[in-house]
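Residue-level structure breakdown
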Amino acid sequence: MSVVSVEDVSKTFGAGHTAVTAVDHVSLSVDAGDIVLVMGPSGSGKTTLLSMIGTLMSPTTGRILISGQDTSTLKAAQLSRLRLREFGFVFQTFNLLSALTAEENVMMPLITAGVPRKHARGKARVALEQLQLGHRLRNLPRDLSGGEKQRVAIARSLANDPRLILADEPTANLDAKTGQDVTLLLCETACRENRAVIIVSHDQRLRTAAKRVITIEDGRLTAEERGEHDRHCRMHPGAGSS
Amino acid sequence: MLFLAVKNLVQEKTRLLISVGGVAFSVLLIMSIQGLYQGWSNKIGEYIRTVPADYWITQTGATDMFHTPSVLPLTVRDFLTGVEGVASAKPFSGRRVAFAHNGKDINLYVIADDTENNVGAPARVVEGKAVPDKGEIIIDRVVGRSENIRIGDTIPVAGRTLKVSGYSEGGYILSFSFAFATKEDAESILQLPGATNFFLITVKDGTNANDVASRIEADPAVDAITKDMFVENNTNIVRDTFLPIILVLLLIGIAVGMTVIGLTIFTSTIEKAREYGVLKAIGVSNRQLYTVVVEQAVTAAVLGYLLGAGLALAVSAAAGNYVPEFITEIRWLDAAWIFAVTVTMAVVSSLLPVHRLARIDPAEVFRA
Ligand SMILES: Nc1ncnc2c1ncn2[C@@H]1O[C@H](COP(=O)(O)OP(=O)(O)O)[C@@H](O)[C@H]1O
Ligand SMILES: [Mg+2]
């Protein structure tokens, strides 16, 4: 069964002559272990599509199934639980909680899911160490570099062992090298653990990590190619050393 | 999620200081006035409790010592001793008098210290003579100290000059204090020939006190009031004066506390709207999010309570040394209800941003 099934989904903002169709009859299926790179010009509807897959926004028409479950039948609280268990989010602006340390930011989804504090702390530590942030556990976001922040966000997105990670332009606020390294790290981790990833990015170099590359224009899915994905999840010789 | 609430609070130190300070002020206000009320109530009861009597017999319609004058002819004593079950009946008289001393009005409630009947003695004499002789008076030490009236000094009491011969304790009640003169001196001050104010009766062992009271009240001229009830009637005076003040201060305290907590929690929620959106996106439910906000408000309120209660205790301990009127008693029960009010206040205040919280759109977090 697909992790995500997007079935003929459209999203229209506004009404009448000011209506904007941001996503226009898109169908897409993502399986476990898929690494999907979504490309397309600004304003083409990538974020809107990602938001709908992430159940943060409901489609105007069409349906989205998550592990076979039609999300339109779920109530707000059920959607929250679904997001907590099934999804990891990585944002362009990192979106870490400013009052929490790196470690605590990663603990947040675990604690929300009811994992005891001590256990959550242990898991967060391991995750951060794997992302080469073992020396940054007690730092607040304001004391971290952009790349470090995004790695904390990646650790947070992976905390609850999600089946699908949604990343919207994770490299946009980082310099090219850092952005690429961090994203490849995400892909590599997800790949090794057989998680699906959907990454929206303009960065052509990410093709080396992707299994599939999808192009969206004017809200429509216009092309799908195979990426240059390595079966052994070796994506970047320098990954993790940044 | 308490840890997030605490972290959020600590992150915004100024705001935390404002809300804790606001709550502390409210708690200090409410607790001090409640403590004064309790302290004064007890104080009034204190002396009356030491007077040996099962029942206070009053002129019908009189219920206390200060507000409803009671005058009874001494002949009532024969009637009382004749009532079945009465062991003793003793006259008790006293009167409030005022005199000027060093430009200040001093109010005494002069009681006839009737050594013959063994009634009307001070609760405790702490300095000087235990029993006044003719032309002498025992006053409360608090008045002696605060008004600088020393043992051996003379004071004008209702047209007579009496020499202070001792200090008693436990008879100081706000605007006046108990003082004790011989029966003869008191009679000339009271000017009630052939009469007294109350009779104190004791009931024979093994007799039903209620039955004795009903037999006494068969006489329409008198009322029989149990000791406890008489203490309560007298302390009610304090309650009646105080309750409205306490209520007003309680309302002011609650208004200040709620405004401060409400505003700080509201602005904090608005400032953190984006972070709350992130939490929503990663799967924190509205209910959990609301819990974080309530925990934030309640934590600030509890800190404010601890600070306020600590200040109230410190103030009541220290102020009593300088201002004799500052008699406070802070009971656990009062600390508990003030705590309950504080927590309730915090919970209600955090309802303010609920609507705002529910409206945060998690999809917004994808927008840069
Ligand atoms: N909440 C919204 N209200 C109105 N229009 C929106 C909203 N979100 C997106 N749009 C419009 O939908 C289109 C697609 O936006 P978006 O999904 O953000 O594109 P992309 O992420 O590819 O840049 C744009 O024209 C944008 O202005
Ligand atoms: Mg976008």
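Residues numbered from 1 in each chain as written. Chains lettered and ligands numbered in written order. Predicted model: local features only at pLDDT ≥ 70, side-chain atom pairs only at ≥ 80, totals over all residues. Heavy atoms only, no water.

What to know about the overall build of chain A
Broken down by element type, chain A carries six helices and ten strands. Taking 2.2 N^0.38 as the reference for a compact globule, 242 residues should give roughly 18 Å; the C-alpha atoms of chain A span a radius of gyration of 17 Å, in line with that estimate. Every one of the 242 residues in chain A was classed for burial, and the buried ones make up 60%. Long-range pairs, those at least 24 residues apart, make up 69% of the contacts in chain A with a sequence separation of at least 6. Accessible area for chain A stands at about 10100 Å²; split by element, carbon and sulfur atoms hold 48% of it. (Helix = DSSP H or I, 4+ residues; strand = E, 2+ residues; numbered from the N terminus. Rg over C-alpha atoms; globule rule 2.2 N^0.38 Å. Buried < 20%, exposed > 50% of the residue type's maximum accessible area, 1.4 Å probe, protein only. Contact = heavy atoms within 4.5 Å. Areas by Shrake-Rupley, 256 points an atom, 1.4 Å probe, with all protein chains shown as cover.)

Examining the sheet that holds strand E10 (residues 220–226) of chain A
Residues and elements named next belong to chain A. The strand order across the open sheet formed by six strands is E6-E7-E8-E3-E9-E10, and the pairing between neighbours is mixed. Each of the sheet's edge strands pairs with one partner strand only, and the pair in question is strand E6 (87–90) and E10. Strand-to-strand, the axes of this sheet are offset by a mean angle of 20 degrees, without reference to chain direction. The pairing of strand E7 (residues 164–168) with strand E8 (residues 196–200) spans five bridges and is classified as parallel. Note on E8: the bridge partner recorded for Ala 167 is Ile 199. Lying over the sheet, helix H1 (residues 46–53) contacts strand E3 (35–39), E6, E7, E8 and strand E9 (212–217), oriented at roughly 155 degrees with respect to E7. The sheet contacts of helix H6 (residues 176–192) involve E3, E6, E7 and E8, and relative to E8 the element is tilted by about 160 degrees. (Pairing = 2+ DSSP bridges. Axes fitted to C-alpha atoms, helices over the stretch in contact; angles between N-to-C directions.)

Points about the site of ligand 1
In the vicinity of ligand 1, the residues found are Phe13(A), Val20(A), Ala22(A), Pro41(A), Ser42(A), Gly43(A), Ser44(A), Gly45(A), Lys46(A), Thr47(A), Thr48(A) and Arg367(B). Nearby residues place ligand 1 at the junction of chains A and B. The separation between an oxygen atom of ligand 1 and a polar main-chain atom of Ser44(A) is 3.2 Å. Between ligand 1 and the protein, one listed contact pairs an oxygen atom with a side-chain N or O atom of Thr47(A) at 2.7 Å. Burial of ligand 1 by the surrounding chains reaches 66%, relative to a free accessible area of 560 Å². Mapped onto the shell around ligand 1, the elements with two or more residues apiece are strand E2 (20–30) and H1 of chain A. Per-element tally for the shell around ligand 1: the top contributor is H1(A), with three residues. (Near = heavy atom within 4 Å. Polar contact = N/O pair within 3.5 Å; in protein donor to acceptor, adjacent residues only side chain to side chain.)

Things to note about the interface of chain A and chain B
The interface of chain A with chain B comprises 28 residues on the first partner and 25 residues on the second. Buried surface at the junction of chain A and chain B, summed over both partners, amounts to about 2400 Å²; 66% is from carbon and sulfur atoms. Across the contact surface, chain A and chain B share one salt bridge. Where Glu104(A) meets Lys7(B), a salt bridge forms, and the shortest distance between an N and an O atom there is 2.8 Å. Along the contact surface separating chain A from chain B lie ten residue pairs in polar contact (both at pLDDT 80 or more). Among the elements of the structure, H1, helix H2 (76–86), E6 and helix H3 (102–112) of chain A are those that each provide at least two residues to the side of chain A that touches chain B. In the side of chain A that touches chain B, the residues fall into 14 nonpolar, nine polar and five charged. (Buried area = accessible area lost by both parts, 1.4 Å probe. Salt bridge = Lys/Arg side-chain N within 4 Å of Asp/Glu carboxyl O. Nonpolar A, V, L, I, M, F, W, Y, C, P; charged D, E, K, R; others polar.)

A word on helix H4 (residues 117–130) of chain A
All names here are of chain A. In a regular helix each residue adds 1.5 Å, so 14 residues correspond to 20 Å; H4 covers 20 Å between its end C-alpha atoms and thus fits that length. Among the residues making up H4, those that are buried are Ala 120, Ala 124, Ala 127 and Leu 128. Buried residues of H4 fall within an arc of 95 degrees about the axis and therefore sit on the same side. Exposed residues on H4 whose side chains face more than 90 degrees from its buried face are Lys 118 and Gln 130. Tucked into the core, H4 has its buried residues touching H3 and helix H5 (146–158). One or two positions beyond H4, positive phi appears at Gln 132, with a value near 60 degrees. (Expected span 1.5 Å × (residues − 1). Arc of directions from axis to C-beta.)

Remarks on the domain arrangement of chain B
Residue and element names in this part refer to chain B. For chain B, the assigned domains read domain 1 (2–44 + 237–366) and domain 2 (94–191). Of the residues lining the interface, six residues belong to domain 1; the matching set on domain 2 comes to six residues. Interface of domain 1 and domain 2: buried area, both sides summed, is about 600 Å²; carbon and sulfur atoms make up 77% of it. Considering only the surface of domain 1 that becomes buried against domain 2, Lys 43, Ile 44 and Pro 324 emerge as the three largest contributors, covering 64% of it. (Domains from an automatic or database assignment.)

With respect to the confidence of the model for chain B
With 100% of its residues at a pLDDT of 70 or more, chain B shows a mean pLDDT of 91. Strand E10 (residues 172–173) of chain B is the least confidently modelled element of chain B, averaging 79 in pLDDT, while strand E1 (residues 55–59) of chain B averages 96, the highest of any element. (pLDDT = per-residue confidence, 0-100.)

Description of the sheet that holds strand E3 (residues 86–92) of chain B
All names here are of chain B. The sheet built from four strands is open, its strands ordered E3-E13-E1-E14 with antiparallel pairing. Two strands bound the open sheet, and with one partner strand each, they are E3 and strand E14 (222–226). The average undirected angle you get between the axes of adjacent strands in this sheet is 25 degrees. Sheet analysis places E3 next to strand E13 (residues 198–203), joined by six bridges and oriented antiparallel. Pairing of Val 86 across the sheet is with Val 203, part of E13. On top of the sheet, helix H6 (residues 209–217) reaches E1, E3, E13 and E14; it is set at about 160 degrees to E14, its chief contact. Along the sheet face, helix H7 (residues 227–271) touches E1, E13 and E14 and points at about 95 degrees away from the line of E14.

Considerations on the state of the cysteines
One pass over the full model with this rule turns up zero disulfides over all chains. Cys187(A) takes part in no disulfide bond, and the closest cysteine sulfur, belonging to Cys191(A), lies 8.5 Å away. (Disulfide = S-S within 2.5 Å.)

Describing unusual backbone geometry
Residue and element names in this part refer to chain A. Positive phi outside glycine occurs at Asp 8, with the angle close to 50 degrees. When you line up the elements, Asp 8 lands in strand E1 (residues 4–13). Even without being a glycine, Ser 67 presents a positive backbone phi close to 45 degrees. Within the secondary structure, Ser 67 is located in the loop between strand E4 (61–66) and strand E5 (69–70).

Here we look at the confidence of the model for chain A
In this model, chain A carries a mean pLDDT of 92, and residues with pLDDT of at least 70 account for 97%. Within chain A, H6(A) has the poorest average pLDDT of any element, 88, and E1(A) the best, 97.

Some details on the packing of helix H2 (residues 13–50) of chain B against helix H10 (residues 332–349) of chain B
Residue and element names in this part refer to chain B. Between H2 and H10, the least distance of the axes is 11 Å, while the angle of their chain directions is 150 degrees. The angle between the axes of H2 and H10 places the two elements in the roughly antiparallel class. Two packed elements cross with a definite hand, and for H2 against H10 that hand is right-handed. Residues Val 23, Val 27, Ile 30, Met 31, Gln 34 and Gln 38 of H2 touch H10, and the partners they reach there are Asp 334, Ala 335, Trp 337, Ile 338, Thr 342 and Met 345. (Parallel < 35°, antiparallel > 145°, perpendicular 65-115°, else oblique. Left-handed = near helix turned anticlockwise from the far one by under 90°.)

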